[in-house]
Amino acid sequence: MKALRNVSMLIAFGMCADAAESLADAFKNGNVTGELRSYYFNQKTGDEKADILDFAVRLNYTTDSYYGFRGGATFQSSSSPFIDEDAKNMFGAPNNMYGPGAV
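Parameters and conventions
- Residues numbered from 1 in each chain as written.
- Predicted model: local features only at pLDDT ≥ 70, side-chain atom pairs only at ≥ 80, totals over all residues.
- Heavy atoms only, no water.
- Phe/Tyr/Trp six-rings, centres within 6.5 Å; stacked < 30°, edge-to-face > 60°.
- Buried < 20%, exposed > 50% of the residue type's maximum accessible area, 1.4 Å probe, protein only.
- Helix = DSSP H or I, 4+ residues; strand = E, 2+ residues; numbered from the N terminus.
- Contact = heavy atoms within 4.5 Å.
- 1 Å grid on protein atoms, 1.4 Å probe; cavity = no way out; pocket = protein on both sides within 12 Å on 5 of 7 lines; lining within 4 Å.
- Points joined across faces, edges and corners; volume = space filled by probe spheres on them.
- Nonpolar A, V, L, I, M, F, W, Y, C, P; charged D, E, K, R; others polar.

Q: How do you make sense of the packing of aromatic side chains when you look at a structure like this?
A: Overall, the coordinates contain 2 aromatic pairs when judged by the stated rule. Between the aromatic rings of Y39 and F41, the centroid separation amounts to 6.3 Å while the plane-to-plane angle is 10°, which identifies the pairing as stacked. Ring geometry for Y66 versus Y67: centroids 4.7 Å apart, planes at 75°, classification edge-to-face. Exposure remark for Y66: the relative accessible area of 25% places this residue in the partly exposed category.

Q: Can you walk me through unusual backbone geometry in this structure?
A: Phi is mostly negative for residues that are not glycine, and the peptide bonds are mostly trans. Located in the positive-phi region is Y67, a residue other than glycine, with phi close to 55°. In this fold, Y67 is placed in the loop between β2 (48-62) and β3 (72-79).

Q: Help me out: how do you make sense of the side chain of S80 in this one?
A: Position of S80 among the secondary structure elements: in the loop between β3 and α3 (85-91). A relative accessible area of 9% means that S80 is categorised as buried. Residues within four places of S80 in sequence aside, it is in contact with I52, L53, D54 and Y98.

Q: What's the story with the layout of surface pockets in this structure? I'm lost.
A: With a probe scaled to a water molecule rolled over the atoms, the places where space remains empty come into view. As a volume, the largest pocket reaches approximately 190 Å³. Forming the walls of the largest pocket are E35, R37, Y39, D54, A56, V57, R58, Q76, S77 and S78. Elements that contribute at least two residues to the lining of the largest pocket include exactly β1 (31-45), β2 and β3. No other element matches β2, which puts 4 residues into the lining of the largest pocket. A per-class count over the lining of the largest pocket returns 3 nonpolar, 3 polar and 4 charged.

Here it is, written out as structure tokens:
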């Protein structure tokens, strides 16, 4: 039982030792990630057919740990620059493949 307690103490100290020493360090040592995505859909319903090409971007920033807490922010955006009216009608709600915007 004593050996298990020592391992738990080492893990706790290891987590504290890796944390930022100041709030400025937590922001300076933060991590930025992101991704670019592209989707293509085509659909035929009866005599109607349409296609859509979506582009999306996601950027994420997470601070380093400061007293066990982390902060972060995420930006997401989507666009369909080459879409026509038929495709907007077919891929809009309720299919929800067309939805340009940013959050």
